[in-house]
Amino acid sequence: PNPGFSTEASSSSPSARADGSDGDVLNLDSPWVAAAEAESILEDAAATERIHLRAVEEDEEGIRVNQERQQDEPMALEAIYGDDLVEFGKKGGLDCFQVYIRYDLHHGSQVCAKFFSADGGCPHDGTEEDGDEPEEFSCTFNLDYLPPLVLTCLLPQWYPSKEPPYFTITAKWMDGSQVSQICEMLDAIWAELPGQEVVYQWVEWIGNSSLSHLWIDAKIILGPDSPTPKSDNRAISRSLPLDYVIPSMLGYSSYKRRKAFVEDLHMCMICLNESNGKPLPF
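The rules behind each value
- Residues numbered from 1 in each chain as written.
- Predicted model: local features only at pLDDT ≥ 70, side-chain atom pairs only at ≥ 80, totals over all residues.
- Heavy atoms only, no water.
- Phe/Tyr/Trp six-rings, centres within 6.5 Å; stacked < 30°, edge-to-face > 60°.
- Helix = DSSP H or I, 4+ residues; strand = E, 2+ residues; numbered from the N terminus.
- Buried < 20%, exposed > 50% of the residue type's maximum accessible area, 1.4 Å probe, protein only.
- Lys NZ or Arg CZ within 6 Å of the ring centre and 35° of its normal.
- Pairing = 2+ DSSP bridges.
- Contact = heavy atoms within 4.5 Å.
- Axes fitted to C-alpha atoms, helices over the stretch in contact; angles between N-to-C directions.
- Salt bridge = Lys/Arg side-chain N within 4 Å of Asp/Glu carboxyl O.
- pLDDT = per-residue confidence, 0-100.
- Parallel < 35°, antiparallel > 145°, perpendicular 65-115°, else oblique.
- Nonpolar A, V, L, I, M, F, W, Y, C, P; charged D, E, K, R; others polar.
- Expected span 1.5 Å × (residues − 1).
- Arc of directions from axis to C-beta.

K.L.:
What exactly am I supposed to notice about the packing of aromatic side chains here?
P.N.:
Aromatic ring pairs are described here by two measures, namely the spacing of the ring centres and the angle between the planes. Counted under the stated rule, the structure contains five aromatic pairs. Ring centres 6.4 Å apart and planes at 35° place the aromatic pair Tyr81 and Tyr200 in the tilted group. A residue pair is termed long-range when its members are at least 10 positions apart, and Tyr81 in helix α2 (residues 60–81) and Tyr200 in helix α4 (residues 199–214) qualify at 119 residues. Overall, Tyr200 belongs to the partly exposed group, its relative accessible area being 35%. Lys162 extends its terminal NZ or CZ atom over the ring of Trp158, reaching a point 4.1 Å from the ring centre.

K.L.:
How should I be thinking about the sheet that holds strand β7 (residues 166–170) in this particular structure?
P.N.:
Two strands in a sheet stick together by hydrogen bonds in their backbones, pointing the same way (parallel) or opposite ways (antiparallel). Taking strand neighbours across the sheet as the criterion, the five strands line up as β1-β2-β6-β7-β9 in an open arrangement whose pairing is mixed. The sheet terminates laterally at β1 (85–91) and β9 (235–236), the two strands that pair on one side only. For β1 and strand β2 (residues 94–101), the ladder comprises six bridges, and the chain directions are antiparallel. For Glu87, the partnering residue across the bridge sits in β2 and is Phe97. Those strands touched by α2 are β1 and β2, and its axis lies near 160° from that of β1. On the sheet, helix α3 (residues 176–192) packs against β6 (149–154), β7 and β9 and is oriented at approximately 150° with respect to β7.

K.L.:
Help me understand the pattern of salt bridges in this model?
P.N.:
Any two side chains of opposite charge can pair, so long as their charged atoms come close to each other. Applying the stated criterion to the full structure yields 13 salt bridges. Between Glu68 and Arg64 there is a salt bridge, with the nearest N and O atoms lying 2.5 Å from each other. A residue pair is termed a helical-turn pair when its members lie 3 or 4 positions apart in one helix, as Glu68 and Arg64 do in helix α2 at four residues. Here Glu68 falls in the partly exposed class, since its relative accessible area comes to 39%. When its relative accessible area of 36% is taken as the criterion, Arg64 is described as partly exposed.

K.L.:
Looking at this structure, I do not really get the pairing of β7. What am I missing?
P.N.:
On any regular strand, side chains alternate: one points to one face of the sheet, the next to the other face. The buried fraction of β7 is high, at four of five residues. Sheet analysis places β6 next to β7, joined by five bridges and oriented antiparallel. By the bridge assignment for β7, Leu151 is matched with Ile169. Relative to β9, β7 runs parallel, the two being bridged by two bridges. Within the sheet, the bridge partner assigned to Ile169 lies in β9 and is Ala235.

K.L.:
When you look at the confidence of the model for the protein in this model, what are you seeing that I'm missing?
P.N.:
Any residue range with low pLDDT should be treated as having predicted coordinates unsuitable for detailed reading. Looking at the protein as a whole, its pLDDT mean stands at 78, while 73% of the residues score no less than 70. Across the protein, the element-wise mean pLDDT spans from 50 in strand β4 (residues 127–130) up to 96 in β7. Between residues 1–26, whose pLDDT stays under 50, and residues either more than four places distant or in other chains, the model counts 41 contacts.

K.L.:
Help me understand the packing of α2 against α4, please; the structure alone is not making it clear to me.
P.N.:
Helix-helix packing is characterised by the crossing angle of the two axes and by the distance between the axes. Contact geometry of α2 with α4 gives a least axis separation of 10 Å together with a crossing angle of 30°. In this view, α2 runs roughly parallel relative to α4, as classed from their interaxial angle. Together, Glu73, Leu77, Ile80 and Tyr81 of α2 and Val199, Tyr200, Val203 and Glu204 of α4 make up the contact between the two elements. Taken together, the residues of the contact of α2 with α4 break down into six nonpolar, no polar and two charged.

K.L.:
Teacher, can you tell me more about α2 here?
P.N.:
Think of an α-helix as turning once every 3.6 residues; residues three or four places apart then point the same way. The end-to-end C-alpha distance of α2 is 32 Å, a good match for the 32 Å that 22 residues give at a rise of 1.5 Å each. Every buried residue of α2 is listed here: Ile63, Asn66, Gln70, Glu73, Pro74, Leu77 and Tyr81. Angularly, the buried residues of α2 cover 90° about the axis, an arc narrow enough to put them on a single face. In this structure, α2 carries Gln71, Asp72, Met75 and Ala79 as exposed residues pointing more than 90 degrees from its buried face. Gly82, located one to two residues past α2, shows a positive phi value of around 60°.

K.L.:
Any chance you could explain the pairing of strand β5 (residues 136–143) here in plain terms?
P.N.:
For β5, the tally of buried residues reaches six of eight residues, placing the bulk of the element in the interior. With eight bridges joining them, strand β3 (residues 109–116) and β5 adopt antiparallel strand pairing. Note on β5: the bridge partner recorded for Phe116 is Glu136.

Right, here's the structure in full:
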């Protein structure tokens, strides 16, 4: 895998364990976040907002009411999503925060990666399938965990009374057209709820409905790698070839599965006691 998507645990402390149970380990969510890209896009939006505000008559009372509503929304989101909400304070004088959205895969998820013959090999975990055309092939594999999708929001002064949040959607494992479809759906949700706080509805739709919206047949299809024009600058999508990204997705899912085992309680069938998945000291 590309070093930028490393799935190996690392630590400044030699006592850290590879399974992540003790010590400081690499946050495996971080390679999927693309914070610098999101910040750059939203900084441009903040600059546009300042130009816009100079061109309209100032409504101090309206802005004050909006600011009060903006202060309440992140507090409510934090109560619901906990550590998956990250607040950045002010960007260009505007409130900025992001929400990590984790798909709840009750029975795993099937991913089909499509390659052209020149793209490279299929990860050994997958099952190669011969396509109808000799220049294209695919491999299919199952994941228990998908990397998070990240919604980053910048709240303009006229939100929520008149304008929606500026936002980016980061999904570094999805194709660009798929992330753009999510952006379009968020626009549609705002159009149905003008003047209302909308971030919670956005997060819930992404977490509960976006996969079925994008993949009707319940199989996530990625690729093949091909140059395509970027249709929405708010969509921060896969920029690396699939033969780099797929092993990283497999490593991420494997790590999260081990981490869940360590943190969960398990019944011992001999002594009938419950304990977590950490190895017992001897």
